[in-house]
Structures are given as C-alpha cells and as structure tokens.
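# Summary of structural features
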Amino acid sequence: MATDRRGAGSVVEAYWLILGRAPTALELDDELRGHLNQSPGALLRGLLSSPEFDRLRTAWQAGRPAHADDDALERGLLALGPDDAFVRRAYDWILGRPADAAGAAHYARRLAEGERRANVVRALVLSNEFTRRWRSVPRDSQLCELANPAKWDNDEWLAILRSLGLSDEKLLMHRKPYEFAQLIYGCRRLGALREDSVVLSVGAGHELVLYWLANHARRVVATDMYEGVWQAVQGREGDPDVLRRPEQYAPFAYRQEALDFMKMDGRQLAFRPGSFDIAYSLSSIEHFGGVDGAAATIRDMGRVLKAGGILALATEYVLAGPPHEETFQPSEIAALVGQPGLELVEPIDDQVFRRYPVTPVDLYREPYQTPHMVVRFNDTVFTTVMIFLRKT
Ligand SMILES: C[S@@+](CC[C@H](N)C(=O)[O-])C[C@H]1O[C@@H](n2cnc3c(N)ncnc32)[C@H](O)[C@@H]1O
C-alpha cells in the first residue's frame with residue numbers, strides 16, 4: 001500500500017494529492033518521526049480524516065473553489081512527475097488501488113488535451129468509489145493522546161459516548177466526556193475491559209463512568225479521600241455522601257452489587273498486589289501533591305494491578321506557557337509514565353492541536369464555554385492527556 005513508503009517524497013506526494021498543498025516543516029518532521037505515520041495506512045487515514053480535507057471536499061461538492069491559489073496547486077501537482085505517473089499515484093492515494101487501463105487512458109488523454117491536474121484529483125475525490133472509501137476511514141484511533149476533537153468523527157468512539165448517555169453534539173465537545181469515552185475505548189481495544197474484569201478507580205468522586213463500568217465489568221471499586229475542599233468546590237466531586245447513598249448519584253440504572261465506594265488515599269492503596277485488571281484515574285492525580293504525589297499514586301496503582309493489566313490516566317498537560325499549580329509540563333508527564341514495571345502501550349500523540357487548532361477557553365472569564373478541549377489560566381495553556389500503561 002502507498003503508505004508503507006515512508007520517505008519524505010511519499011509524504012509530500014500524499015499532501016499534494018489529498019490536501020492540495022505541501023506539508024509544513026513540522027508536519028513533515030512529524031510524519032517522518034513516525035508519530036502520525038506509525039502504522040501502514042496511518043498517514044493516509046490522518047489526511048483523509050482531517051477537518052482540512054473535509055473542508056476541501058465539501059467545497060468541491062458545492063461547486064465552490066477549494067483552494068486559495070489554483071496556480072500554486074497546479075504547480076505542486078505538476079511537480080509529481082509525468083502525466084502517467086501522476087495518474088497512477090493519484091489512483092493509489094485517493095482510490096487505494098492501481099489505476100485500471102481504461103481510467104488511466106482516459107485521464108492521460110484529458111491531461112494531454114490540456115486538462116488541469118487539479119481537476120483529475122477533484123474527479124477522483126468526488127467519485128462514488130472514493131466516497132464509499134472515505135466513509136469507512138476511521139478517525140484518529142490512537143489511545144495515548146491529547147484530548148482529541150477528531151474522536152467526535154469516529155463512529156466506534158461516538159457509540160461509546162452515546163452509551164454513557166452523553167451528547168455527541170460537536171458544539172458541546174468537552175474534556176470530561178472525552179475522558180470517559182476514551183477510557184472505555186482504550187480499555188476495550190487493549191482487551192482489559194471484559195465481563196469478568198475487576199476495575200479500580202482512584203480519585204473517583206462520583207464520576208459517571210463508574211456506573212457504566214458497573215454494568216459492564218464484574219466489580220468496580222471507587223476510591224477517593226472524600227474530604228477537604230472537594231466536598232464543596234465546583235462539581236463537589238469529593239462529596240462523602242456518595243459513600244452512604246451511591247444510588248443518589250447514578251445517572252442511570254446500574255448493578256448496585258457491582259460497585260463499591262471506599263474512602264482511601266490514592267497514594268497508599270489498601271489492596272493486595274495483583275488485585276485488578278484495570279486501575280484508572282481521571283482528572284485527579286494532579287491534585288495529589290505535585291509530581292511526587294502523582295508518581296507515588298501511579299506506582300501504587302501499578303502494584304495493585306495484575307500482570308498484563310492496564311493503568312489508564314487522564315491528567316493536565318501544559319501545551320504552552322509557564323508552570324501552573326496542578327498541571328504538568330510535558331517533561332513531567334514523560335517522567336511520570338516512566339515508572340518501572342509499567343510500559344506505555346504506544347507513544348503519546350502530543351501533536352493533536354497542531355492538526356486541529358482550537359481557541360483555548362479562559363477558565364477565569366468563561367469557565368463553561370464549549371468546545372472545551374484546550375483551556376488556559378492566564379498564559380498557561382493546557383489540555384487533558386490520556387495515557388494507557390501496561391503492567392509488564
Ligand atoms: C477533579 S476531582 C475528579 C473526580 C473524578 N475522577 C471525576 O473525573 O469526576 C479530583 C478528586 O480527587 C480526590 N482526591 C484528592 N486528593 C486525593 C488523594 N490523595 N487520594 C484520593 N483521592 C484524592 C478529590 O476528593 C476529588 O474527588
């Protein structure tokens with residue numbers, strides 16, 4: 001397949017044929033580094049599932065100009081080689097198959113008559129064959145990543161979001177539903193979430209996903225300090241009342257016998273080694289006493305996991321700006337995931353917002369604004385990072 005060829009020339013060719021432009025230096029670097037192009041087909045899937053390609057295709061469908069500079073586009077496409085090679089490469093990248101003799105001859109003739117190469121690309125993109133192919137392209141399907149807007153274009157992932165009773169409306173895109181759906185998506189993909197699984201949540205509060213998990217795993221144990229400021233602030237996540245009346249917080253009917261709430265410090269878990277198939281923590285470890293508190297928690301979560309079990313974390317990741325209380329810089333995240341006996345299931349995709357730029361929500365001025373995927377406290381811009389580690 002075309003995407004197995006990972007040289008710079010191949011990346012440039014794919015960008016011109018799919019997006020009608022050259023890759024930026026950063027994109028080229030990213031693709032060659034293997035971050036985006038980490039498996040066969042990933043480069044192509046990334047381009048075809050991008051909002052940028054979506055905009056181009058929509059413009060062509062509506063008969064509107066899709067590119068700002070048609071002459072620059074034509075020059076870029078002309079640089080891809082002689083006509084017959086260009087047609088072959090266009091079929092390969094756009095339709096995912098070799099050009100048939102009739103199609104190759106047809107387009108070669110049109111080009112010889114003076115047709116622009118951009119019109120050949122447009123004809124292939126607007127064909128029924130391509131439309132069928134495009135619909136089946138899964139959106140960014142990686143597990144370890146920054147909170148990813150593209151997941152709202154992934155049908156498998158959206159089905160999970162809906163099963164949680166949450167809206168799939170893109171305007172309401174928010175890090176919290178992302179964490180819940182991504183946790184389930186990842187644990188399923190990694191084979192850790194099964195009917196017989198035993199699951200631990202650390203810093204659980206009364207999060208919605210606990211109740212969903214109680215309906216899909218054998219046993220779920222929710223642990224939290226349930227004390228201090230968390231009893232009163234924001235969503236009152238640390239409300240100790242849930243210890244007495246868990247059903248009062250349930251968003252839907254659930255298997256009550258499968259879910260236990262326990263008061264416990266995440267840094268010192270009162271469980272025997274090897275007790276759980278999954279140990280996870282969402283938006284909590286950044287509140288456990290800086291890097292040291294978070295690292296102690298990850299180590300103890302690892303201790304109580306079975307061999308081969310999955311440790312899933314969502315925490316705050318600084319994209320730009322100075323350190324801020326209860327957020328982690330990328331270097332701190334790298335140190336946190338480097339605990340002995342635990343292994344990242346894949347590299348963390350930290351380039352999400354280079355591909356899908358968003359405006360950060362100012363948490364001091366408009367805390368409830370959505371989409372709510374990247375946020376800021378003054379100059380510190382941050383988002384959620386989702387991490388999956390396997391106990392070795
Ligand atoms: C932002 S809330 C997140 C709650 C929940 N995971 C969610 O996503 O809704 C952080 C939680 O961490 C809990 N917490 C703080 N320090 C803790 C510790 N050392 N051990 C366990 N839980 C702690 C708080 O009580 C609070 O419920």
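The shown structure was predicted, so the numbers you read here are calculated from the model rather than taken from an experiment.

### Brief notes about the overall build of the protein chain
A count of helical and extended segments in the protein chain gives 16 helices and ten strands. Structurally, the protein chain occupies a C-alpha span of about 80 × 45 × 40 Å along its principal axes. Buried residues in the protein chain amount to 41% of all 392 residues. For the protein chain, restricting intrachain contacts to residue pairs at least 6 apart in sequence, the fraction spanning at least 24 positions comes to 68%.

### Some words on the environment of His174
With respect to the helices and strands, His174 occurs in the loop between α10 (155-163) and α11 (175-189). Those residues in contact with His174, other than ones at most four positions away along the chain, are Thr370 and His372.

### Structural notes on the environment of Asp349
By the element assignment, Asp349 lies in the loop between β7 (342-344) and α16 (352-355). A sequence separation of 38 residues divides Asp349 from Ile387, and the C-alpha atoms of the two residues are 9.8 Å apart.

### Quick look at the packing of helix α1 (residues 8-19) against helix α6 (residues 83-95)
To describe two helices that pack against each other, one gives the angle between their axes and the distance between the axes. At a minimum axis distance of 10 Å, the contact between α1 and α6 shows a crossing angle of 75°. Classified by the interaxial angle, the pair formed by α1 and α6 is roughly perpendicular. In this structure, α1 uses Glu13, Ala14, Leu17 and Ile18 to contact α6, whose residues at the interface are Arg89, Ala90, Trp93 and Ile94. When grouped by side-chain class, the residues that make up the contact of α1 with α6 number six nonpolar, no polar and two charged.

### Focus on the site of the ligand
Taken together, 18 residues lie around the ligand, and Gly203, Gly205, Trp230, Gly238 and Gly266 are the ones closest in. Its residues assigned to classes, the shell around the ligand shows six nonpolar, seven polar and five charged.

### Points about the confidence of the model for the protein chain
Segments scoring low in pLDDT should not have their predicted coordinates read at a detailed level. Averaged over the protein chain, the pLDDT score is 91; the fraction of residues at 70 or greater is 94%. In this model, residues 1-5 is a region of pLDDT below 50 whose contacts with residues beyond four sequence positions or in other chains number 13 contacts. Throughout residues 35-40 the model reports pLDDT below 50, and contacts reaching past four residues in sequence, or to other chains, amount to 18 contacts.

### Brief notes about α1
The end-to-end C-alpha separation of α1 is 16 Å, in line with the 16 Å expected for twelve residues at 1.5 Å each. Within α1 the residues assigned to the buried category are Val11, Glu13, Ala14, Tyr15, Trp16, Leu17 and Ile18. In the stretch just after α1, Gly20 is the one whose phi turns positive, near 70°.

### Digging into the domain arrangement of the protein chain
What the domain assignment reports for the protein chain is domain 1 (2-135) and domain 2 (145-391). With centres defined by C-alpha atoms, the gap from domain 1 to domain 2 works out at 38 Å.

### As for α6
The terminal C-alpha atoms of α6, which comprises 13 residues, lie 17 Å apart, in line with the 18 Å expected from a rise of 1.5 Å per residue. Within α6, burial applies to Phe86, Val87, Arg89, Ala90, Tyr91, Trp93 and Ile94. One or two steps after α6, the chain reaches Gly96, where phi turns positive at roughly 70°.

### Digging into unusual backbone geometry
A cis amide bond, omega -10°, links Thr370 with the succeeding residue Pro371. Positive phi, close to 50°, is recorded for Asn378, a residue that is not glycine. Within the secondary structure, Asn378 is located in the loop between β9 (374-377) and β10 (380-391).

### Quick word on the packing of α6 against helix α7 (residues 101-112)
It is the contact of α6 with α7, at a shortest axis distance of 10 Å, that shows an interaxial angle of 130°. Comparing the axis directions of α6 and α7 gives the class oblique. Regarding α6 and α7, the two cross each other, and that crossing is right-handed. For the pair α6 and α7, contact is made by Asp83, Asp84, Val87 and Tyr91 and by Gly103, Ala104, Tyr107, Ala108, Leu111 and Ala112, respectively. Among the residues forming the contact of α6 with α7, the class breakdown is seven nonpolar, one polar and two charged.

### What about the nonpolar core?
Core analysis: the biggest nonpolar cluster contains 73 residues, and Leu210, Val220, Ile278, Ala279, Leu311, Ala312 and Ile387 have the highest contact counts within it. Broken down by element, this core gets its largest block of residues, nine residues, from strand β6 (residues 305-320). Grouped together as the second largest cluster of nonpolar side chains are 23 residues, Tyr15, Ile18, Leu43 and Ala99 included.

### Considering the pairing of β10
Across the twelve residues that make up β10, a large majority, ten, are buried. The pairing of strand β1 (residues 145-146) with β10 spans two bridges and is classified as antiparallel. Looking across to β10, one finds that Glu145 is bridged to Met386. For β7 and β10, the ladder comprises three bridges, and the chain directions are antiparallel. Bridge pairing in β10 links Leu344 to Leu389.

### Overview of the pairing of strand β2 (residues 198-202)
Both faces of the sheet carry side chains from a regular strand, because those side chains alternate between them. For β2, a buried count of four out of five residues is recorded, marking the element as mostly surrounded by other parts of the structure. Sheet analysis places β2 next to strand β3 (residues 219-224), joined by five bridges and oriented parallel. If you follow Val198 over to β3, its bridge partner there is Arg219. Each parallel crossover has a hand, and the one from β2 via helix α12 (residues 208-214) to β3 is right-handed. Judged from the three bridges that link them, β2 and strand β5 (residues 276-282) form a sheet pairing that is parallel. Looking across to β5, one finds that Leu200 is bridged to Ala279.

Calculation notes
- Residues numbered from 1 in each chain as written.
- Predicted model: local features only at pLDDT ≥ 70, side-chain atom pairs only at ≥ 80, totals over all residues.
- Helix = DSSP H or I, 4+ residues; strand = E, 2+ residues; numbered from the N terminus.
- Buried ≥ 20, exposed ≤ 12 C-beta atoms within 10 Å, placed from the backbone.
- Contact = placed C-beta atoms within 7 Å.
- Axes fitted to C-alpha atoms, helices over the stretch in contact; angles between N-to-C directions.
- Parallel < 35°, antiparallel > 145°, perpendicular 65-115°, else oblique.
- Nonpolar A, V, L, I, M, F, W, Y, C, P; charged D, E, K, R; others polar.
- Near = placed C-beta within 6 Å.
- pLDDT = per-residue confidence, 0-100.
- Expected span 1.5 Å × (residues − 1).
- Domains from an automatic or database assignment.
- Left-handed = near helix turned anticlockwise from the far one by under 90°.
- Core = buried A, V, L, I, M, F, W, Y, C linked by C-beta atoms within 7 Å.
- Pairing = 2+ DSSP bridges.
- Right-handed = clockwise from strand over helix to strand, strands pointing away.

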